[in-house]
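# Topology and contacts: notes
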Amino acid sequence: MPDANAHAPDMRPSIRKAHRDDPVRNALANFCENLDGAQWLLAGGSKGSAKDCVNRAVSDLTAVLSASGIRDLTVNVNALGRIEAFLDYSDDLGDIRLTYTARQPLNSDAR
């Protein structure tokens, strides 16, 4: 007996494929890596350089992402001195909600 659902449309939510040539995926990976670098600068006591690094990370990210798709983008330093980022983004391929806390250097004296 044939399957009644054989010709039914696929109703599963679309998921952005992790493809290395996806510019959005690459921009998000670079953004997180840049925040890690800013965290190292912050841990080393270079607050001005860390702020410049975060500003550059945001600038590089927004150069790739569609401005109309960014619903929220916040970067701050939490009470523990860790850089955190929150992104809510949507495009033709789906929604992205990113919460990222920059990695802390193993040696807190990063100078």
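Reading the values: rules and limits
Residues numbered from 1 in each chain as written. Predicted model: local features only at pLDDT ≥ 70, side-chain atom pairs only at ≥ 80, totals over all residues. Heavy atoms only, no water. Helix = DSSP H or I, 4+ residues; strand = E, 2+ residues; numbered from the N terminus. Buried < 20%, exposed > 50% of the residue type's maximum accessible area, 1.4 Å probe, protein only. Contact = heavy atoms within 4.5 Å. Areas by Shrake-Rupley, 256 points an atom, 1.4 Å probe, with all protein chains shown as cover. Pairing = 2+ DSSP bridges. Salt bridge = Lys/Arg side-chain N within 4 Å of Asp/Glu carboxyl O.

Looking now at the overall build of the protein. The helix and strand tally for the protein stands at 2 helices and 3 strands. In the protein, the order of α-helices and β-strands from amino to carboxyl end is α-α-β-β-β. For the protein, the proportion of its 111 residues judged to be buried stands at 27%. Looking at the protein alone, contacts between residues at least 24 apart form 45% of all its contacts between residues at least 6 apart. Here the protein displays about 7900 Å² of accessible surface, and carbon together with sulfur accounts for 52% of that area.

In summary, the side chains of a regular strand alternate between the two faces of the sheet. Note that strand 1 (residues 70-77) and strand 2 (residues 83-91) share 7 bridges and pair antiparallel. Bridging from a neighbouring strand, Asp 72 pairs with Asp 88 of strand 2. Taken together, strand 1 and the strand that follows it, strand 2, pair antiparallel across an intervening segment of 5 residues, in which Gly 81 is found at a positive phi of about 80°.

Before going further, it helps to examine the pattern of salt bridges. If you walk through the whole model with that rule in mind, you get 6 salt bridges. Residues Asp 60 and Arg 56 are paired through a salt bridge, measuring 3.0 Å at the closest nitrogen-oxygen approach. Taken together, the residues Asp 60 and Arg 56, both in helix 2 (residues 47-64) and 4 residues apart, mark about one turn of the helix. According to the relative accessible area criterion, Asp 60 is partly exposed, its value standing at 34%. The class of Arg 56 is exposed, set by a relative accessible area of 55%.

Now for the environment of Leu 42. Relative to the helices and strands, Leu 42 is located in helix 1 (residues 23-43). Here the alpha-carbon distance between Leu 42 and Val 77, two residues 35 residues apart in the chain, equals 9.7 Å. Not counting residues up to four positions away in its chain, the partners in contact with Leu 42 are Lys 47, Ala 50, Val 77, Gly 81 and Ile 83.

The quantities given are spatial measurements derived from coordinates; they are silent on function.
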